[in-house]
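Chain and residue survey
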Amino acid sequence: MSALPENLQEQVSDYADFLTGKYLAKYSPKKPLKFGMMKGTFVMADDFDAPLDDTPGPSFRL
């Protein structure tokens, strides 16, 4: 970039700043994430950690 004239270096720098701002606006979280913020949004079965059967289900064909 140092090979460019000073006015073009400034334009490239401004464009890079614009792209950075556009990226951050799109992909930055809108509100800060907090521990427990998803509480109550889904239910886990009571037997979630129970041992599984040894027999494969219908979607597992051997």
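Scroll up a little and you will see the structure.
Residues numbered from 1 in each chain as written. Predicted model: local features only at pLDDT ≥ 70, side-chain atom pairs only at ≥ 80, totals over all residues. Heavy atoms only, no water.

Details of the overall build of the chain
- Along the backbone of the chain there are one helix and zero strands.
- Burial analysis of the chain (62 residues in total) assigns 0% to the buried set.
- Put simply, the chain shows about 6,700 Å² of open surface, and 62% of that area lies on carbon and sulfur atoms. (Helix = DSSP H or I, 4+ residues; strand = E, 2+ residues; numbered from the N terminus. Buried < 20%, exposed > 50% of the residue type's maximum accessible area, 1.4 Å probe, protein only. Areas by Shrake-Rupley, 256 points an atom, 1.4 Å probe, with all protein chains shown as cover.)

With respect to a negative patch on the surface
- Together, Glu6, Glu10, Asp14 and Asp17 make up a region of like negative charge exposed at the surface.
- Counting through the fold element by element, Asp17 comes out in helix 1 (residues 6-27). (Patch = residues over 30% accessible without salt bridge, like charges linked within 9 Å, V, L, I, M, F, W, Y side chains within 5 Å. Salt bridge = Lys/Arg side-chain N within 4 Å of Asp/Glu carboxyl O. Lys, Arg positive; Asp, Glu negative; His and termini not counted. Charge placed at Lys NZ, Arg CZ, Asp CG, Glu CD.)

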